[in-house]
Structures are given as C-alpha cells and as structure tokens.
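# Working through the structure, step by step
Next come the chains, spelled out residue by residue.
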Amino acid sequence: MSERALPSCSEPLSYQPALDGLRAVAVAMVMCFHAGFGWMGGGYFGVSIFFTLSGFLITTLLIDERERTGALALGSFIARRAKRLLPASMACIALVSVARLMGQFDQVPGLRSQLLGATTHVFNWVKLDGDTSYTDVFTGSAVFVSPLEHYWSLAIEEQFYLLWPLTVALLARRVTRWSITLPVLFLAAAIATPIAARFLSDNATYWATPMRAGELLAGAAVAGVLRRWGVPAWAGLLALPVAAALATLAVVLPTASGPAYAGLFAPLAALSAVMLWSLQVAGPVRRALSSRPLVQLGQISYGVYLFHWPVFVWLRQQGWSLTEPWRFVIALAATLAIAAASFVLIERPVRSASWPVRSTIRGAAGAMLVAGLTVAVLPFSRGFLEADPAILASASAEPLDSLAPLQPTAPVTLPDFASVELADFGAQIPIQAIVIADTAEMLGSAIDVAPAVVAKPFVLDEPLGPPLSRPVRLLTVGDSTAFYLGQALAEWALDHREYATSDLLWCQGCGVLRGGEVTSWDDTLLAVRSREMFDVDLPSMVARIQPDVVALMVTVVDVADRQWAVSEGPLEPTDARYVARLAARYRSTALDLLDLGVGRVALIAPPPAVDFVAHSVAFTAERWVGLRAALDLVALELAPEVAVVDLAGWADAAGVTNDLDWRPDGTHLTERSARAVVERWLGPILIGHAV
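This text gives an overview of the structure that appears in the document. A quick note: this is a predicted structure, and the numbers were derived from the prediction, not measured. (Residues numbered from 1 in each chain as written. Predicted model: local features only at pLDDT ≥ 70, side-chain atom pairs only at ≥ 80, totals over all residues. Heavy atoms only, no water.)

## Focus on the layout of surface pockets
Defined as follows: Only protein atoms enter the 1 Å grid, on which a cavity is a set of points fitting a 1.4 Å probe that cannot get out and a pocket is an open set with protein on both sides within 12 Å along at least 5 of 7 lines, lining residues being those with an atom within 4 Å of a point. Grid points are joined across faces, edges and corners, and a volume is the space filled by probe spheres set on the points. Secondary structure follows DSSP: runs of H or I at least 4 residues long count as helices, runs of E at least 2 residues long count as strands, and numbering of each begins at the N terminus. Throughout this entry, Asp, Glu, Lys and Arg are counted as charged residues, while Ala, Val, Leu, Ile, Met, Phe, Trp, Tyr, Cys and Pro are counted as nonpolar. The remaining residues, Gly among them, count as polar.
Within this model, the second largest pocket holds a volume of roughly 1,100 Å³. Elements supplying a minimum of two residues to the lining of the second largest pocket: α1 (17–35), α2 (45–69), α3 (74–101), α7 (151–172), α14 (292–299), α15 (301–317) and α16 (325–352). Broken down by element, the residue count for the lining of the second largest pocket peaks at 11 residues, all from α2. Residue classes in the lining of the second largest pocket are distributed as 18 nonpolar, seven polar and 12 charged.

## Brief notes about empty space enclosed by the protein
Taken as a whole and judged by the stated rule, the model has five cavities of 30 Å³ or more. Approximately 60 Å³ is the volume attributed to the second largest cavity. Lining the second largest cavity, in full, are Thr481, Met553, Thr555, Pro606, Pro607, Leu647, Arg663, Thr667, His668 and Leu669. For the lining of the second largest cavity, the class distribution of residues is five nonpolar, four polar and one charged.

## Comments concerning the sheet that holds strand β6 (residues 549–553)
To keep it simple, the criterion reads: Here, a strand pair is defined by DSSP locating no fewer than two bridges between the strands. Axis geometry follows a simple rule: fit a line to the C-alpha atoms, using only the stretch in contact for helices, then measure angles between N-to-C directions, giving values from 0 to 180 degrees. Any pair of residues with heavy atoms lying within 4.5 Å of one another is described as a contacting pair.
Spatially, five strands are ordered β4-β3-β6-β8-β11 in an open sheet, and the strand pairing comes out parallel. A single partner strand is all that each edge strand has here, and the edge strands are β4 (500–506) and β11 (642–645). Adjacent strand axes in the sheet meet at a mean angle of 20° when their direction is disregarded. With five bridges joining them, strand β3 (residues 472–478) and β6 adopt parallel strand pairing. Residue pairing in the sheet places Thr476 in a bridge with Ala551 of β6. Here helix α19 (residues 480–495) sits on the sheet and contacts β3, β4, β6 and β8 (600–604); the angle it forms with β4, its principal contact strand, is near 160°.

What follows is the structure, given as structure tokens:
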C-alpha cells in the first residue's frame, strides 16, 4: 500500500506542518553551533537542510504551475519571492547600519561592501573576494566578526530563486519525466562538486553558489520523484534512522575541515532529501515535527536566522560567552522577540498585500537601489585594517633626485631606545648558546648574553624637540600589526609637517623570517607574499622615497613554529637555534636596507600577544622572548644605525599590554590606540633616531 502526501499535479501544494517543524530543527542546529556549543560542532549542516528544503518546495511549486497552466509566470514567482524575503532582510540590514552609525561593529573590516553585497544578494561572492575564511568567524576576536556573515547562505538561495525558474522553464520544453531528469541533475552535481573541490580553495568550495547547488538540487530531485511515484507507508518509519543520521552529522562534522570543504555536502544532502520524502506519509517523526512549538518556531525561522547572528555577535562583543546557559537563554529570547516582531509587523503584512506584480517588482528594485545608495554614502568609520588612502597619500614623501643631509637645528638629546642590554631567554635557551647564524647553517661565533638590566624608568610622553633641517622621511614596514602604527604615523606626520613625512608598506601575515616551513598552518602563500614584499616592493619603495628611517615590525608569523630540517623537527622561538636564525634574517634585512641608502633602521619590539590563538596554537608571551632576543642581538652588532624601539616596554609601563581597548584581539592595535602611542611616544622617538 502506498500513499502520496502531495496532491495530484492538478492541485496546488498543500501546507505540511512537519516541514515547518523541520525548519525549526534546522535553525536550532545553526543557533547552537553559532553560540559556540562544542557538542554541536557540525550544526552548520542545518543550512544545508534549509537549502534542500528550499529546492524541494520551490521546484514543486514551479512544476505544479507548469503542468497546471502550461507556462510559468516568472514575474509572479519573483514578486512572491521578493515579498517573502526582502522585507525582513532589509530590516536586518537597516538595523546593522544604524548600529554601525552608533559606534557598534566599528572594528568589522569591509562592512560597507558587505552591506552592499547583502542588499544585492551577492554576499557570498563578496566574501570570496576577501581574505577571511568561514572558520575565521569562529576562531578570531569577536570585535572583528561581521554581523552579516550569515548572509552568504541567503545570497545563494536568492540566486537560486532567480536562476532556477528560468532553468525549469527551459527544461520544460524538452522534459517529459521530471522524475528522471531532476534526480539525474542532482546525481551529476553530487559527483561534480567533490571533483571540482580538488581544484578550488576551501572558501570557494564552501561559499561559491555552483558548489552548493547540489544541496538545492537534492530537494528538486524529491520534487521530481514525487511527480510520478507514491510514497510507501513504511517510509514514515524510515524517517527515524534518517533523523538520527542528521542529528549525528550536526554533532560529529568538524568545523574547520571535512565534507563541507571537500564538496561532499551535495552527497550528504541525500539524507535531507530522504527525510523530505519520508515526511510525505504519517509516522512518528512527522507527528513530532508537526507539534505546535516546532511549527511556530518554523514559521518565524527565516527571521530567527536573519536576526540571531547580529544579536549573537553584538553580545559577544560585549564580552558575553553564549555557552553559559543563562546568557544563551537571554540571547535566544532576544532573537525570538525580534523575529516575532518582524513576522507580525513586517513580513506577514507584506506577504498578504495584494499588490500588482509589476508594482511589487518595481518596489523591490527601488527599495534595493535606495538601500544600496544609502549604504554607499553613510559616514561609517573604517573597520579593521581598512586604510585611509587619502591620509596615506597626503603624508607620503615626494620623490626627489637628491636629499640634503639631516641636521639638527638645535642641540638634540637622543632618546633611550632599548631599556635592556639583552633579554633573558629563560630556561629553554642556554644563556651562552645564542649565535648569529645564516638560515641555512649555524655559524661558530657565540655571543655572551647578560641578564636583563633595566636602564631607567620609561618615559611615557617623549617630548618633541625642535624640527630638523628638513622633514624626516619615515617608512613603516611589516605585517598587519605594523599597519596601524604606519597609518597613525601618517596622521601624525600630517599634523607635524615640519617634522616628518610618512609612508607605509605592509602585508597581512607576512614576516621577515625566511627558510624553514611554518608547521602551525599552511604558510605557502604568505611565504610568497613575504618574499615579494621584502625582495621586490621594499627595495623599489626605498629607491623611490629615500627614507631616513625604516621602522620594521612583525609579530605572529615570526614567532610561529618552524621546521628547517626533518632531523631537527619543528622548533619553537624559545629554542636557541630558532633565535639564531631569526637574528640572522633580521640582520641581513637591516644590512640590505642600509646598503640601499637608508639612514637608520628601527626594529620595533612589539608587546607579546594576550590570549591569542591561531590555528589551535596558543601564542604565549614566551614566544616573544625569542623575538626580542633576536632584535637585541642585531641592534648590539649594528648600533647606532640599527636600534631596538621598545614598544613592549612602553605598553607595560603604560599599563595597556592586557587592555582590550588597546588591542581588542590581543595582538593588533586600533586606530585610537595607535594614534595615542605615536603622539605620546613613537613619533618623537623615530625623529630622534633619525640623527
């Protein structure tokens, strides 16, 4: 005996409460995952369930209309989708925009372009054009996480809603059996995506629309099968093991690797497809999913998905851990309240409005255009690592054929650059064992190392003496931690034009240290970028602007575990061999700069990271001891042309090393904190170093 829950082809699709219940389960999986509960590490599979459910419902509606009327009213379809999706989406975008104007999410990089991407339904492609990955959302500092990260999935669905009706209309001219064509399309996608993933990045595999189309086609395949074949009664019992399998996936799928990044979500979507198929007949799972609380949650699940992420991100940025039960309950209650208000006040009235099709489409297009133009002109502050091109260009040094020597116009008291003779390396680095070595082999000359000796208390506010005979030409070089110092120096130079010009050369994740292989993460691309910056871009920039002082600062990548030889194994920066190679590389870099005509090199000793974890590696303060040792070794040998500028000591003396307002992620400065240190101390220090 068989039973069809779907009506005949001549009747419209009937409402199935269990599908709203399935939506509720899917959004609950996503929220638990986004809250950070470790036992729901694969909760992002809930998005895949949404995709498959959407593919099923939309395809069923399209085929039903085609077979009942002999045509597809694409305008009507688009108008219905716009009325369903745009109101809440635009409301969420508006709330995020207002929050940014009020000072929230101010460290989020690229938020303006993300808002535009969300408004125009191409957010996933905006993310692909950036430098972050999906896993960065959960491993980085909360202050840098975008409140719109979840719009990637909405963009994929909206692109599907635009392209799939056209595809169905074209297929309908030739297809006689949807029950064969649609499963074949799904099977093709399930085979193709793992193959394509071998040639794509993890980000492209996760975010690119074609790579996620298989999950939508899984639902379309169910719609095709149900056009011809009934569903046997025993399918209701099959839903039990399938539900268990889906729950298991939500628990066991890894967050940073696994099927999602190997193109295997399309094959896994077959489980969701079987669940949809089995829910077409009565059974215990259908009864459970049809319960009133789940159905009610499912009915507002779109709003819940839209609003939960901005709420979660904002609470995290206030220091909340959402894995604490009572805090999660508050976050959940706030999300449900906003979603319910959106459903009652915005979504339901718009969906029930009887507007003409053309008016609806024009209104939707007009709303998107107005929203996009508004976002484009709103006076947002810059986010994390967003440069101000106007300031950098205005502060830059003009190329000159020759430069007059720098001369003091009055007696100058040189600042005390290094507050210690040399750092004490601790137990893991023998005091007598530090040597300067080439990256390929250890050299024989040893340097006796004295314990740390504090010369004098730090001067937190360094006075700025009289200008020199001409402005000092400063160049800041380094990784993303040097970026904020360089931009702050540019702003400072504009306020002190008689003292300095300022240029900046930086590369996110680049480092001075060469040789060896970073074992903490895949450093292949960053190593290439580092070589380009130091071997090509830096000499070219030095030749163009002829800097008097180059300020060099790199942090995390130069204290990551590395392996130079299999026989040695991975070395930490607390190892004497690591320190020796690090010192050798900084020494050769400094000598290269001096050979190019740079007057002075300032090696900025950064504060150690605080509670910073990258790729599951904890970057403790001990790692910075080795970096400081290498810098001091180079400065001892090459003084006075090379000196250590002790930013770490200044931060300790100022009491800001562990201040989250100073370094929100424990590593990077902010525009505010960089401005403060440059104005109070670093600007005058570098001017003094020039002579």
